[in-house]
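# Topology and contacts: notes
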Amino acid sequence: MPAESSEAVEVFKTCLANQKSTGIAAIEGLMQVLRQANAKTLQELVALLRTETERFKKVECSVITVTSASELFLRFITLAHTQLETQDFQNCLKLMLDRGTKFLEKLGSMRGKVAEYFELHVMDGGKILVHGESRVVLEALLH
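Let me sum up the structure you'll find in this document. (Residues numbered from 1 in each chain as written. Predicted model: local features only at pLDDT ≥ 70, side-chain atom pairs only at ≥ 80, totals over all residues. Heavy atoms only, no water.)

## So, the overall build of the protein chain
For the protein chain, the helix and strand inventory stands at seven helices and zero strands. In the protein chain, the succession of helices and strands from N to C terminus is α-α-α-α-α-α-α. Here the protein chain holds 143 residues, and 35% of them are scored as buried. The long-range share in the protein chain, meaning contacts at least 24 apart out of those at least 6 apart in sequence, stands at 63%. Carbon and sulfur atoms form 55% of the exposed surface of the protein chain, whose accessible area is close to 9,500 Å². Each charge sign in the protein chain was given a centre, from 17 positive and 18 negative side chains, and these centres are 2 Å apart. (Helix = DSSP H or I, 4+ residues; strand = E, 2+ residues; numbered from the N terminus. Buried < 20%, exposed > 50% of the residue type's maximum accessible area, 1.4 Å probe, protein only. Contact = heavy atoms within 4.5 Å. Areas by Shrake-Rupley, 256 points an atom, 1.4 Å probe, with all protein chains shown as cover. Lys, Arg positive; Asp, Glu negative; His and termini not counted. Charge placed at Lys NZ, Arg CZ, Asp CG, Glu CD.)

Written as structure tokens, this is what we have:
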């Protein structure tokens, strides 16, 4: 079992300090777990990822965002389950790391896409009511 303040939690905190979204920070932290995992089975790895997710929730952040980002990440990296069942665990781990990297790349491009589609729905002189704080909404308004 990892130490109380794991490297994944430190990655998570660093991402938050660098103004990354809570969801991206959680995924970056979980990627660190994958990189350092010494699990021998998929079940052990999933347990490690869930343990780190629980640790992320103890940091001052949006618990709901951590939970949903972690669940989506876990589903995405294990989506290629037929490949995971036919390969040895080290190859499975590599496949999950590759899929996790792709997941982060896709997320990184989403703000720009949302901003593009947002622009189609806003008229000059129109009024926009914004409830709460969202980096995505801010980028869309600045686009």
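Back to the text.
## What about a nonpolar patch on the surface?
Taken together, the side chains of Val122, Ile128, Val130, Val137 and Leu141 define a hydrophobic patch exposed on the protein surface, amounting to about 340 Å² of accessible area. Relative to the elements of secondary structure, valine 137 occurs in helix α7 (residues 135-142). (Patch = residues over 30% accessible without salt bridge, like charges linked within 9 Å, V, L, I, M, F, W, Y side chains within 5 Å. Salt bridge = Lys/Arg side-chain N within 4 Å of Asp/Glu carboxyl O.)

## Observations regarding the nonpolar core
Formed by 32 residues in total, the largest nonpolar core has its most connected members in Leu34, Leu45, Leu49, Phe56 and Phe73. Taken together, the elements giving at least two residues each to this core come down to α1 (7-17), α2 (22-36), α3 (42-57), α4 (63-77) and α6 (89-120). If you tally residues by element for this core, the top one is α2, at eight residues. Beyond its immediate stretch of four places on either side in the chain, leucine 49 contacts Leu30, Val33, Leu34, Leu74 and Ile77. (Core = buried A, V, L, I, M, F, W, Y, C linked by side-chain atoms within 4.5 Å.)

## Some points on the environment of isoleucine 24
Of note, isoleucine 24 is situated in helix α2. Take isoleucine 24: its relative accessible area is 18%, and that puts it in the buried class. Between the alpha carbons of isoleucine 24 and glutamine 90 there is a distance of 25 Å; along the sequence they are 66 residues apart.

## So, the pattern of salt bridges
Taken as a whole, this structure holds five salt bridges when the rule is applied. As a salt-bridge pair, glutamate 71 and arginine 50 come within 3.9 Å of each other at their nearest N and O atoms. Of the two residues, glutamate 71 is situated in helix α4 and arginine 50 in helix α3; the sequence distance between them amounts to 21 residues. On the basis of relative accessible area, arginine 50 is assigned to the partly exposed category, the value being 44%.

## Things to note about the packing of α2 against α6
For the pair α2 and α6, interaxial distance at closest approach is 10 Å and the crossing angle is 160°. When the axes of α2 and α6 are compared, the pair comes out roughly antiparallel. For the element pair α2 and α6, the recorded crossing hand is left-handed. Side by side, α2 and α6 meet where Ile24, Ile27, Glu28, Met31, Leu34 and Arg35 of the first sit next to Leu93, Met96, Leu97, Gly100, Thr101, Phe103, Leu104 and Leu107 of the second. Here the contact of α2 with α6 is composed, by residue class, of ten nonpolar, two polar and two charged. (Axes fitted to C-alpha atoms, helices over the stretch in contact; angles between N-to-C directions. Parallel < 35°, antiparallel > 145°, perpendicular 65-115°, else oblique. Left-handed = near helix turned anticlockwise from the far one by under 90°. Nonpolar A, V, L, I, M, F, W, Y, C, P; charged D, E, K, R; others polar.)

## Overview of unusual backbone geometry
One non-glycine residue, glutamine 19, adopts positive backbone phi at about 65°. Tracing the chain through its elements places glutamine 19 in the loop between α1 and α2. For glutamine 19, a relative accessible area of 55% puts it in the exposed group.

These values are about where atoms sit, not about what they do.
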